[in-house]
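Take a look at the letters that make up each chain.
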Amino acid sequence: QQWPEPKKQYHTQLECDSKGGDMTSSLLSQFGSWYNDNLDAYPLLTKAATTAVIGLVGDAAAQFHEDRLRRRRRRDESSGGNSSSVTAVAHDGFRRRYDVRRGLANVANNLFLTAPIYHYGYDALERLIPVYDDDDVNYSDSSSLVGSSLAALGQVMIDCILFDALFVFLMFLSAGLIEGYGGGGCSINNNNNARGGYANLVPAMIASWRINAFLVPIEYVLFRYFPLRLRVLGMNIIDL
């Protein structure tokens, strides 16, 4: 007589999981509808806000990772010292120092530079090398499916080589101006700072191109099979 009771609890758990899944799906659907409505009404503003928020999250994660590596390096260097230095490093390990100025520089760069370039640049690429006949819906009949694939690949190459180099330069420039770097950023206060900034700029561009070599297949899928209106969001997620 006690066997059916666990079965009831099991079904109840399944019903709760099903309701939870339905609620999550409903929330995602509502958010998608809200986001698309805002893309229709305010395309540039919506893309700029999305780029700024995702960039802020990515920079915060990067700062946390950098702080963890820095504390680990200091801990390794202090492991052979006295106990007081080890204790100091251990206490420092509980601190999560967030660079607000760097975060604001990242937001400003994404809001006023990166997002507009993404928005107008991808529209220009679509007019120059069309993947679609109209805005988002139909693939270009003039070039056929093979032509659309080549057009998407061409857009990806331009994005990886030209756009990314421009974004790296603007990131250095905006960081130098807003954060006031002395020589590590692309500060233009004096010739020494400018030379120091550009010396770091070229390796950063080369590193960006190397990373993009691995991301080309993912970007190709985005450019080829996803609507143009979602391209900026997709690139933000890839950059994250």
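Refer to the structure printed above.
Parameters at a glance
In this numbering scheme, every chain counts its residues from 1 along its sequence in written order. Local features in a predicted model are, by the rule used here, given only for residues with pLDDT of at least 70; side-chain atom pairs are given and counted only at 80 or more, and totals for whole chains, interfaces and linings are based on all residues. Excluded from the side-chain calculations are hydrogens and water; all other atoms, namely the structure's heavy atoms, are used. Here a strand is any run of E in DSSP of at least two residues, a helix any run of H or I of at least four, and the numbering for each starts at the N terminus. Three exposure classes are used, based on accessible area relative to the maximum for each residue type with a 1.4 Å probe and protein chains only: buried under 20%, partly exposed in between, and exposed over 50%. When checking whether two residues touch, look at their non-hydrogen atoms; a contact exists if any pair is within 4.5 Å. What sets the accessible areas is the Shrake-Rupley method with a 1.4 Å probe; for residues, cover comes only from the shown protein chains. In protein, a polar contact means a hydrogen-donor-capable atom and an acceptor-capable atom, both N or O and within 3.5 Å, with residues adjacent in sequence counting only if both atoms are side-chain atoms; elsewhere, any N or O pair within 3.5 Å suffices. By definition here, a salt bridge exists when the distance from a side-chain nitrogen of Lys or Arg to a carboxyl oxygen of Asp or Glu is within 4 Å. Structural elements are reduced to axes, namely lines fitted to C-alpha atoms, with helices fitted over the stretch in contact, and the angle between N-to-C directions of any two is expressed from 0 to 180 degrees. For this classification, under 35 degrees means roughly parallel, over 145 means roughly antiparallel, 65 to 115 means roughly perpendicular, and everything else is oblique. What makes a crossing left-handed is the near helix being turned counterclockwise from the far one by less than a right angle; a clockwise turn instead makes it right-handed. Classes in brief: Ala, Val, Leu, Ile, Met, Phe, Trp, Tyr, Cys and Pro nonpolar; Asp, Glu, Lys and Arg charged; the others, Gly included, polar.

Chemist: How do you make sense of the overall build of the protein chain when you look at a structure like this?
Modeler: Scanning the protein chain for helices and strands turns up 7 helices and 0 strands. In sequence order, the secondary structure elements of the protein chain are arranged as α-α-α-α-α-α-α. Buried positions account for 34% of the 240 residues belonging to the protein chain. In the protein chain, 68% of the contacts between residues at least 6 apart in sequence involve partners at least 24 apart. When the accessible surface of the protein chain is totalled, it reaches about 15100 Å², and 64% of it is carbon and sulfur.

Chemist: In this structure, what is going on with the environment of Leu104? I would like to understand it.
Modeler: The topology assignment puts Leu104 in helix α4 (residues 100-128). For the pair formed by Leu104 and Leu56, sequence separation is 48 residues and the distance between their alpha carbons is 8.2 Å.

Chemist: Please clarify how the side chain of Asn110 should be interpreted in this entry.
Modeler: Residue position: Asn110 is located in helix α4. The exposure class assigned to Asn110 is buried, which follows from its relative accessible area of 9%. There is a polar contact of 3.5 Å between the side chain of Asn110 and the side chain of Thr114. The contacts of Asn110, once residues within four sequence positions are left out, are Thr51, Ala52, Gly55, Ala115 and Pro116.

Chemist: How do you make sense of the pattern of salt bridges when you look at a structure like this?
Modeler: Pairing between side chains of opposite charge can happen when their charged atoms approach one another. Evaluation of the coordinates by the stated rule reveals 5 salt bridges. For Asp40, the salt bridge goes to Arg229, with nearest N and O atoms at 3.0 Å. With Asp40 in helix α1 (residues 4-41) and Arg229 in the loop between α6 (191-225) and α7 (231-239), the pair connects residues that are 189 residues apart, well separated along the chain. Note that Asp67 and Arg70 form a salt bridge whose closest N and O atoms lie 3.5 Å from each other. Here Asp67 pairs with Arg70, and both are found in helix α2 (residues 43-78), just 3 residues apart, close to one helical turn. Where salt bridges share partners, they join Asp59, Glu66 and Arg102 into one cluster.

Chemist: Looking at this structure, I do not really get the packing of α2 against α4. What am I missing?
Modeler: The relative placement of two packed helices comes down to the angle between their axes together with the axis-to-axis distance. Packing of α2 against α4 brings their axes to within 8 Å, and their N-to-C directions diverge by 140 degrees. Classified by the interaxial angle, the pair formed by α2 and α4 is oblique. In the crossing of α2 with α4, the sense of the turn from one axis to the other is right-handed. In terms of residue class, the contact of α2 with α4 is made up of 12 nonpolar, 8 polar and 4 charged.

Remember, this is a structural readout, not a statement about activity or role.
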